[in-house]
Amino acid sequence: MGSAVLEPTHAVRVLPARTDDVGRVAASVVASFVRENPHGVLGVATGGSPMALYASLAELRAEGVVATDQLTLAALDEYVGLDPADPRSYRSYVWQHIAEPWGVAAERVHVPAGSSEDDADEYERVLARLRVGLQIVGIGRNGHIGFNEPGSNPTSRTRIVTLDDDTRRANAPYFGGDVHAVPTRAMTQGIASILAAESIILVAQGAAKAEALRAALQGPVTSAVPASFLQTHPDVTVVADSAALGILS
Ligand code: PGA
């Protein structure tokens, strides 16, 4: 039995890692960027996938290996209808898991906010001004990146979207297991906003991501799998464990 490491159709660099090493391997990629761009702009994802990366980079900072405090951070998305101070908001996540442990000052932390298209356009202008150097993304088990759910257009920019039921189910654990408590809408960077980053790193762990990752890297480039648009970007690195890469043992 068993199968080879997933071979992407396009020029995507895949770094397989042991499950408990995904964060460290991904952090080393991010640390290289930070060393070359200490005042750089890092696009940051929320959710479970990059948490170990953020903790690992905080350790590198504590060891004096990398200086993160002059970075600027720009988040991918935010729920609509949650107070930014709510501990379940992505603003809170970015503070708790990234900005605070990395020593990044408030004025250099950008998270989408608001519920109108004007608010979304304002965030898109922030992104255009900042120009993300390295964008960190996870992948949804339905193939989303950011909250660009299946059907998202490759030319999409920051906008208000309705979350898929599956996305709300996946995020219910952060809301006491109650899917009805998960907001129904979010503001997300669009596919085009994400692809405007100079380089992108995708982090994935676990078998629940295997089908989405396979479709994203090996399948057709299609709105049905928004992450498949990563195949059109010239500089994408994937750090994933064997379960996410679909390696059978
Ligand atoms: P997760 O979410 O990291 O919490 O699995 C990833 C995503 O939905 O993009």
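So, how was this worked out
- Counting starts from 1 at the beginning of each chain's written sequence and moves along it residue by residue.
- Two thresholds apply to this predicted model, a pLDDT of at least 70 for residue-level local features and 80 or more for giving and counting side-chain atom pairs, whereas whole-chain, interface and lining totals are computed over all residues.
- Heavy atoms from the whole structure form the basis of all side-chain values; hydrogens and water molecules are not counted.
- Strands here mean DSSP runs of E at least two residues long; helices mean DSSP runs of H or I at least four residues long; both are numbered from the N terminus.
- Restricting the calculation to C-alpha atoms gives the radius of gyration, and the globule rule supplies 2.2 Å times the number of residues raised to the power 0.38.
- A 1.4 Å probe rolled over the protein chains alone gives each residue an accessible area, and that area as a share of the maximum for its type sets the label: buried under 20%, exposed over 50%, partly exposed in between.
- In what follows, a contact means two residues having at least one pair of non-hydrogen atoms within 4.5 Å.
- The accessible surface values rely on the Shrake-Rupley method and a 1.4 Å probe; as for residues, cover is taken only from the protein chains in view.
- Positive charges come from Lys and Arg, negative ones from Asp and Glu, while His and the chain ends are left out of the count.
- By convention, the point assigned to a charge is CZ for Arg, NZ for Lys, CD for Glu and CG for Asp.
- One requirement defines pairing of two strands: DSSP has to find at least two bridges between them.
- Lines fitted to C-alpha atoms define the axes, with helix axes restricted to the stretch in contact, and inter-axis angles between N-to-C directions lie between 0 and 180 degrees.

Peer 1: Looking at this structure, I do not really get the overall build of the protein. What am I missing?
Peer 2: Assigned secondary structure in the protein consists of seven helices and ten strands. Computed over its C-alpha atoms, the radius of gyration of the protein comes to 17 Å, within 12% of the 18 Å expected for a compact globule of 249 residues. For the protein, buried positions account for 55% of its 249 residues. In the protein, once contacts between residues fewer than 6 apart in sequence are set aside, the share between residues at least 24 apart is 77%. As displayed, the protein has an accessible area near 10,700 Å², and 52% of this comes from carbon and sulfur atoms. The average position of the 19 basic charges and that of the 28 acidic charges among the side chains of the protein differ by 2 Å.

Peer 1: Can you help me understand the sheet that holds strand β10 (residues 236–240) in this one?
Peer 2: Each strand in a sheet pairs with its neighbour through backbone hydrogen bonds, running either in the same direction (parallel) or in the opposite one (antiparallel). Judged by pairing direction, the sheet is parallel, and its seven strands sit side by side in the order β1-β10-β9-β6-β2-β3-β5 without closing on themselves. At either end of the open sheet lies a strand with only one pairing partner, and these are β1 (12–16) and β5 (109–110). Here strand β2 (residues 41–44) runs beside strand β6 (residues 134–137); their pairing, made up of two bridges, is parallel. Considered in β6, the bridge of Gly43 is made with Gln135. Across the sheet, helix α4 (residues 117–130) touches β2, β3 (72–75) and β5, and the angle it forms with β3 is around 145°.

Taken by themselves, the reported measurements are silent on function.
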